[in-house]
Amino acid sequence: MNFENLKPCIKSASQKLKYIFEQGYLPSRCLSLYNKKTLELTNCFGHACTNLTNELLSKFTYDEGDVFSLINWGDIRAFFIDETINDALNSFNLNISPCQITDLPDNKSWKVALYTDSFNDRDYHFYKYEQENLWSHKLGFDKGIAIALTPPNKIYDLELFDFYMITNNNGKELSEKQLKDIELEISQLN
């Protein structure tokens with residue numbers, strides 16, 4: 001993705017996400033709740049596909065939260081083929097590929113389920129696999145997370161489209177100090 005063509009707030013947020021994943025960040029929110037400041041910064045896409053901790057999210061401004069709406073650009077059914085969106089995820093140093101519900105993530109990957117609306121290709125929803133018989137999803141920018149034993153075939157007017165594995169090839173276990181260093185670095189990227 002060419003950061004120069006983006007609104008300044010999206011450019012800044014994209015650079016922060018790229019830095020976070022280059023440092024080896026792997027989803028570590030699990031089922032922890034969003035706090036008051038971070039609740040409105042991310043949606044289902046941000047929760048499932050980047051899964052940042054409250055501490056990392058708190059380094060993003062409210063306007064930078066728009067980076068999680070990037071998925072609204074173009075046809076959601078072509079999300080993983082669509083050049084703009086695929087480039088966005090790649091620009092965060094993430095790779096994404098279709099998988100089966102039975103595929104288990106390795107130590108550098110996480111699995112998501114994508115829902116789409118057959119009547120409105122721009123509407124979508126994501127679930128994130130947490131562990132066997134446990135999935136989570138965020139119900140929008142101003143909503144918290146909910147859990148499910150398995151992703152349903154349908155949510156709202158959206159139908160289950162497919163499962164995908166997201167991989168951070170730089171992924172590694174980060175110490176508390178390393179996470180704090182990342183938080184400090186991205187707070188200086190404004």
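A quick note: this is a predicted structure, and the numbers were derived from the prediction, not measured. (Residues numbered from 1 in each chain as written. Predicted model: local features only at pLDDT ≥ 70, side-chain atom pairs only at ≥ 80, totals over all residues. Heavy atoms only, no water.)

Q: Tell me about unusual backbone geometry, residues and numbers included.
A: One non-glycine residue, N133, lies in positive phi territory at about 60 degrees. Summarising the element assignment, N133 is placed in the loop between β3 (120–131) and β4 (134–138). Here the phi dihedral of Y156 falls at roughly 55 degrees; this positive angle occurs in a residue that is not glycine. Locating Y156 in the fold gives a position in the loop between β6 (154–155) and β7 (158–167). (Helix = DSSP H or I, 4+ residues; strand = E, 2+ residues; numbered from the N terminus.)

Q: Tell me about the pattern of salt bridges, residues and numbers included.
A: Enumeration over the complete set of coordinates arrives at six salt bridges. With a shortest N-O distance of 2.9 Å, K16 and E64 are connected by a salt bridge. Here E64 lies in the loop between α3 (54–57) and α4 (83–91) and K16 lies in helix α1 (residues 8–22), a separation of 48 residues in the sequence. Exposure remark for K16: the relative accessible area of 0% places this residue in the buried category. (Salt bridge = Lys/Arg side-chain N within 4 Å of Asp/Glu carboxyl O. Buried < 20%, exposed > 50% of the residue type's maximum accessible area, 1.4 Å probe, protein only.)

Q: A description of the packing of aromatic side chains should follow, citing residues and the corresponding values.
A: Evaluation of the coordinates by the stated rule reveals six aromatic pairs. Their ring planes at 20 degrees and their centres at 6.3 Å tell us that F21 and W110 sit as a pair that is stacked. Linking F21 in helix α1 with W110 in strand β2 (residues 109–117), this pair joins segments that are 89 residues apart in sequence. For F21, a relative accessible area of 0% puts it in the buried group. Pairing Y115 with Y127 gives two aromatic rings, centres 5.3 Å apart and planes at 45 degrees, and the pair type is tilted. With Y115 in strand β2 and Y127 in strand β3, the pair connects residues that are twelve residues apart, well separated along the chain. Look at Y115 and you get buried, because its relative accessible area is 0%. Taken together through their ring pairs, the aromatic side chains of F21, Y25 and W110 make up a single cluster. (Phe/Tyr/Trp six-rings, centres within 6.5 Å; stacked < 30°, edge-to-face > 60°.)

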